[in-house]
Amino acid sequence: LELEHSLRRGLEKNEFTVHYQPQIDIPNNSIVGIEALLRWDHPQKGIISPAYFISIAEETGLIVPIGEQVLRYACLQNKEWQLSGLPPMRVAVNLSPRQFQQQNLVQVITDILQETGMEPHYLELEITESLAMHDVEFTIKTLNELRKMGITIAIDDFGTGYSSLSYLKRLPIDILKIDRYFIRDVTKDPGNEAIVDAIILLAHNLKLQVIAEGVETEEQLNYLRSKNCDLVQGYYFYKPLPVVGITNLLLNTF
Ligand code: G
Ligand code: G
Ligand code: MN
Ligand code: NA
């Protein structure tokens, strides 16, 4: 209850902010996308990861206005980068179950895109595997609407939920993100190696791109490259950075 109260206060006081982590195209070794990651800039405690408050925010429904703010910041920021002359990139935003189930989600997103001038083509939305599989018919209907607008859809944390492959095949999606749990030991654990190989093949056979998360070593990167993984994200390249840091990085890179 105390946390709920301070989340509410944080929202009123605009304490929620976004950090950004680059996504790298393996063959070209270039930044092609950026994931927006929510952070709480707490006046006493400093930067707090959503790991500590996302479940309460979800339970109380506060994730809806907080998530909307993330979407608005990310779109506005991406538009600003474009206007500053950087090559256009996709920005990826995580959607929580509560947000995804909102009746007016498509309208909310449409409004934010219009308000910020960000082209839908440069927006990617991430939903988790478990959420996607929860009510498949609803998921398909909503994703179809979003994709018709030109938005890219990624399935996050793939491999940790339970997927029916016959449903996966029906989902109108573009990208699978391999959960970092499998990447951590990919070069040491034959079981994880088998899973990662299978996910990459599955994605490619379904004409999807695949992103490996949590890449921390050169060994992991080389492994993923040898298996034709498309994109990678992780501390080996960059940690999530605050706006000033990521902007400088982009300006120095391009
Ligand atoms: O960035 P970090 O590893 O601290 O994130 C912890 C968790 O919070 C991850 O599972 C991530 O997907 C989730 N997360 C980060 N940003 C957002 C957001 O804007 N909305 C939602 N719903 N989840 C987020
Ligand atoms: O659930 P989701 O994939 O959205 O979570 C992304 C989170 O993973 C981010 O909050 C980020 O802080 C974290 N993350 C990104 N790269 C790495 C990495 O290389 N190692 C670890 N341990 N965490 C990472
Ligand atoms: Mn994510
Ligand atoms: Na993930």
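Let me begin by describing the structure that accompanies this report. In this numbering scheme, every chain counts its residues from 1 along its sequence in written order. The order in which chains are written sets their letters, starting at A; the order in which ligands are written sets their numbers, starting at 1. Only residues with pLDDT of at least 70 get local features here, since the model is predicted, and only at 80 or more are side-chain atom pairs given and counted; chain-wide, interface and lining totals rely on the full set of residues.

Take the overall build of the protein next. Only DSSP runs of H or I with at least four residues qualify as helices, and only runs of E with at least two residues qualify as strands; both kinds are numbered from the N terminus onward. Broken down by element type, the protein carries 12 helices and 9 strands. Two things to know: the radius of gyration comes from C-alpha atoms, and the globule rule equals 2.2 Å times the number of residues to the power 0.38. Taking 2.2 N^0.38 as the reference for a compact globule, 254 residues should give roughly 18 Å; the C-alpha atoms of the protein span a radius of gyration of 18 Å, in line with that estimate. With the principal axes as the frame, the protein shows a C-alpha extent of 50 × 45 × 35 Å. Labels follow a simple rule on C-beta atoms placed from the backbone: if 20 or more others lie within 10 Å of a residue's own, it is buried; if 12 or fewer, it is exposed; otherwise it is partly exposed. Buried positions account for 37% of the 254 residues belonging to the protein. Note on contacts: residues are paired as contacts if their backbone-placed C-beta atoms lie within 7 Å. Sequence separation of at least 24 residues holds for 64% of the intrachain contacts in the protein that already meet a minimum separation of 6.

Burial of strand β1 (residues 16-25) is extensive: 7 of the 10 residues sit out of reach of the surface. DSSP bridges decide pairing: two strands pair if at least two such bridges lie between them. Note: β1 against strand β2 (residues 30-42), 10 bridges, orientation antiparallel. Bridge pairing in β2 links Thr-17 to Arg-39.

Those residues of helix α11 (residues 218-226) not exposed but buried are Gln-220, Leu-221 and Leu-224. Looking straight down α11, one finds its buried side chains confined to an arc of 100°; they lie on one side. Opposite the buried face of α11, at more than 90 degrees from it, the exposed residues are Glu-218, Asn-222 and Ser-226. In this structure, the buried residues of α11 make contact with α9 (180-184), β8 (209-212) and β9 (231-232). A positive backbone phi angle near 65° is found at Asn-228, which sits one or two residues after α11. As used here, the arc belongs to the directions running from the helix axis to the C-beta atoms.

Attention now moves to helix α5 (residues 105-116). Between its terminal C-alpha atoms α5 stretches 17 Å, which fits the 16 Å expected from 12 residues at 1.5 Å a residue. Those residues of α5 that sit buried are Ile-109, Ile-112 and Leu-113. Down the axis of α5, the buried set is contained in an arc of 100°. They therefore lie on one face. Turned more than 90 degrees away from the buried face of α5 sit Gln-107, Gln-114 and Glu-115, all of them exposed. Once α5 ends, the next one or two residues include Gly-117, with phi positive near 75°. In this analysis, the expected span of each helix is defined as 1.5 Å times one less than the number of residues it contains.

Let's shift gears to the packing of helix α3 (residues 63-83) against α5. Where α3 contacts α5, the axes come no closer than 9 Å and their chain directions differ by 30°. When you trace α3 past α5, the crossing you get is right-handed. Along its contact with α3, which presents Glu-68, Leu-71, Arg-72, Cys-75, Leu-76 and Lys-79, the element α5 presents Val-108, Ile-109, Ile-112, Leu-113 and Thr-116. For this classification, Asp, Glu, Lys and Arg are treated as charged, while Ala, Val, Leu, Ile, Met, Phe, Trp, Tyr, Cys and Pro are nonpolar and the rest, including Gly, are polar. Tallied by class, residues from the contact of α3 with α5 come to 7 nonpolar, 1 polar and 3 charged. Each axis is a line fitted through C-alpha atoms, and for a helix only the stretch in contact is used; angles between axes span 0 to 180 degrees, taken between their N-to-C directions. Each crossing gets its hand from how the near helix is turned against the far one by less than a right angle, where anticlockwise is left-handed and clockwise is right-handed.

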